[in-house]
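Results of the structural survey
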Amino acid sequence: MERTTCCVVGGGPAGMVLGLLLARAGVEVTVLEKHEDFLHDFRGDTVHPATLRLLDDLGLGDCFARLPQTRITEVVLPDGAGGVRRIGDFRALRKWGVRHPYVAIVPQWDLLNLLADAARVEPAFRLERGAAVTSLIHEGGRVAGVRYRTSGPGGGTAELRADLTVACNGRNSVLPAAAGLGVTEFDVPFDTWWFRLSRREGEQVEQLTRRPGRGRFAIVIPREGYFQIGYVARKGTDSRLRARGIDAFRRDVAELLPEYADRVGELVSMDDVKLLDVRLDRRRRWHAEGLLCIGDAAHAMSPVGGVGVNLAVQDAVATANLLAGRLRRGAVRGRDLARVRRRRLPSLVLVQALQRIMHADLAGPIRSGEQAGPPGRLMTAARWLPVLRTFAVYLVGVGLRPERAPASARRGGTPEEHTALVQSVP
């Protein structure tokens, strides 16, 4: 029977950060990742200023800076008169002492590989790939570990016992419901369909832009060598969109983004268009005895603002700060786990409130099929209350209560290991 001190379910940004921080604190930790690798398109690829500062704390900032990336410094919306209005400028964060006043767009697999390479040098860390968690193990009225399936030749079922299990495996995790953790859901009027189009030399790289249409709009995210496009339309219309076929979808994209009409042929079939079922919710409790949920497993975020990864990583840092000492002593109880939610909830509630305001502005045009203009309340606030605009950028980029890595983690292993890690990045 396998055993560990902390079982982290999910090898995404939150799971890998938590595993690294706990291992550096001397806590035996096993991360179970259901996929064999990290190479998956259209995961959250935004790395916000607070996460960039964390990477500096971990001694990984230089490594990360060498990864191929696009840096977003501002967010613009059409003003309804043929021009655009800047609603967010991350460069303003310099006045707040923010070291990295931008959002880095980096393939998530590059970030995860960087964290995995840093964690492998820690004796207390283990990453198990191809391990799909299927259920919880209950013993004596508490969660005592997980059951999982292994992939590949000779795959089967296995169990991992742990003093603490942390669910970091996203909004579709089966673990919160299995532990009886209720959820509060908020109305979301739209879904998002992600795809990519090539980006040519000289095309804009520092702005995240939004383009309106009738009952829909597009988000354009500049990436290294291509544009990631989010096509946003009424929730529940995926089957109708696919039934219309790729030619109709290409026409919709060309209408929304006429400057890219010459490359919509890169979309070969609707298989190139990936649906994101947008949800906004939060668990009323994040824990049961022996189990803690963080990230999207505790609070599914809308893609508005691209804040999901940043909030999940902040949850992981708070978890390590609050629980590492308890885990070393083998004495984690429900009241200790409840402290994570209490610490993180104010930041989460504020960000979700901002997202709900934006959703409400978008709901009418999307549901009625009318022209989706600029979000009214948001634009009004940006025009008349610039201090609120700066605060919104700070809330999205840094957070109400930014978390800092514990002292035990603020180095990249030995100097020799850190040098080798830096040199391993192409």
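Above: the structure in question.
Predicted model only: the values in this text are computed from it and were never measured.

Quick look at the overall build of the chain now. Tallying secondary structure elements over the chain gives 12 helices and 20 strands in all. The buried share among the 426 residues of the chain stands at 56%. Contacts in the chain between residues at least 24 apart in sequence constitute 74% of all its contacts with a sequence separation of at least 6.

With that settled, the discussion passes to the nonpolar core. Of all hydrophobic cores here, the largest spans 87 residues; its most connected members are Met16, Leu18, Leu22, Phe64, Val146, Leu292 and Ile294. Here this core gets 11 residues from one element, more than from any other, and that element is helix α8 (residues 308-329). Ignoring any residue separated from it by four or fewer positions in sequence, one finds Leu292 in contact with Leu164, Thr165, Val166, Ala167, Trp286, His287, Thr319, Leu323, Leu337 and Val340. Ile105, Ile221, Val304 and Val398 belong to the second-largest nonpolar core, a separate cluster that totals 23 residues.

Below, the discussion takes up the packing of helix α2 (residues 49-57) against α8. Look at α2 against α8: their axes get within 9 Å of each other, and the N-to-C directions meet at 45°. The pairing of α2 with α8 is recorded here as oblique in orientation. For the crossing formed where α2 meets α8, the hand is left-handed. Facing Ala50, Thr51 and Leu54 of α2, the residues of α8 in contact are Asn310, Val313, Gln314 and Val317.

Taken as a whole and assessed by the stated rule, the structure comprises 5 aromatic pairs. Ring centres of Phe195 and Phe249 lie 5.4 Å apart, and the angle between their planes is 80°; this geometry places the pair in the edge-to-face category. You can see Phe195 sitting in strand β13 (residues 190-198) and its partner Phe249 sitting in helix α7 (residues 246-256), a full 54 residues away along the chain. Note on accessibility: Phe195 and Phe249 belong to one class, buried. Considering the side-chain rings of Tyr231 and Phe249, the 4.9 Å spacing of their centres and the 55° angle between planes classify their relative orientation as tilted.

With that out of the way, let us pick up the pattern of salt bridges. It is possible for side chains of opposite charge to pair when their charged atoms get near one another. For the structure shown, the criterion picks out 29 salt bridges. A salt bridge links Arg216 to Asp252, with the shortest nitrogen-to-oxygen separation between them at 3.8 Å. Remark: Asp252 occurs in helix α7 and Arg216 occurs in strand β15 (residues 216-223); sequence separation between them is 36 residues. Assigned by exposure class, Arg216 and Asp252 land together as buried. We note a salt bridge from Arg250 to Asp247, for which the minimum N-O separation is 2.7 Å. Residue Arg250 and its partner Asp247 are located together in helix α7, separated by 3 residues, close to a single helical turn. We classify Asp247 as partly exposed; its relative accessible area is 46%. Here the residues in one salt-bridge network are Glu139, Arg147, Glu159 and Arg161, joined through shared partners.

In contact at an axis separation of 10 Å, helix α1 (residues 13-24) and helix α4 (residues 108-120) are set at 15° when each is read in the N-to-C sense. When the axes of α1 and α4 are compared, the pair comes out roughly parallel. α4 is crossed by α1, and the crossing has left-handed handedness. Only Gln108, Leu112, Leu115, Ala116, Ala118 and Ala119 of α4 make contact with α1, whose side of the interface consists of Pro13, Met16, Val17, Leu20 and Arg24. Along the lines of polarity and charge, the residues of the contact of α1 with α4 split into 9 nonpolar, 1 polar and 1 charged.

What follows concerns α1. The terminal C-alpha atoms of α1, which comprises 12 residues, lie 17 Å apart, in line with the 16 Å expected from a rise of 1.5 Å per residue. With 12 of its 12 residues buried, α1 lies for the most part within the structure. By the burial criterion, the buried members of α1 are Pro13, Ala14, Gly15, Met16, Val17, Leu18, Gly19, Leu20, Leu21, Leu22, Ala23 and Arg24. Just beyond α1, the residue with positive phi is Gly26, at close to 85°.

Our next topic: the side chain of Thr237. Here Thr237 shows up in the loop between β16 (226-234) and α6 (238-244). Of note is the side chain of Thr237, whose polar atom sits 2.7 Å from the backbone oxygen of Arg234.

Right, let's talk about the environment of Cys7 for a bit. Looking at where Cys7 falls in the secondary structure, it is placed in strand β1 (residues 2-9). For the pair Cys7 and Ala167, spaced 160 residues apart in sequence, the C-alpha separation works out to 8.5 Å. With residues near it in sequence (within four places) discarded, Cys7 still touches Thr30, Leu32, Val146, Leu160, Ala162, Leu164, Thr165 and Val166.

Further remarks concern the sheet that holds strand β3 (residues 46-47). Reading across from one edge, β3-β7-β4 is the order of the 3 strands in this open sheet, with antiparallel pairing throughout. The sheet is open, and its two borders are formed by β3 and β4 (70-72), each paired with just one other strand.

What counts and how
- Residues numbered from 1 in each chain as written.
- Predicted model: local features only at pLDDT ≥ 70, side-chain atom pairs only at ≥ 80, totals over all residues.
- Heavy atoms only, no water.
- Helix = DSSP H or I, 4+ residues; strand = E, 2+ residues; numbered from the N terminus.
- Buried < 20%, exposed > 50% of the residue type's maximum accessible area, 1.4 Å probe, protein only.
- Contact = heavy atoms within 4.5 Å.
- Core = buried A, V, L, I, M, F, W, Y, C linked by side-chain atoms within 4.5 Å.
- Axes fitted to C-alpha atoms, helices over the stretch in contact; angles between N-to-C directions.
- Parallel < 35°, antiparallel > 145°, perpendicular 65-115°, else oblique.
- Left-handed = near helix turned anticlockwise from the far one by under 90°.
- Phe/Tyr/Trp six-rings, centres within 6.5 Å; stacked < 30°, edge-to-face > 60°.
- Salt bridge = Lys/Arg side-chain N within 4 Å of Asp/Glu carboxyl O.
- Nonpolar A, V, L, I, M, F, W, Y, C, P; charged D, E, K, R; others polar.
- Expected span 1.5 Å × (residues − 1).
- Polar contact = N/O pair within 3.5 Å; in protein donor to acceptor, adjacent residues only side chain to side chain.
- Pairing = 2+ DSSP bridges.

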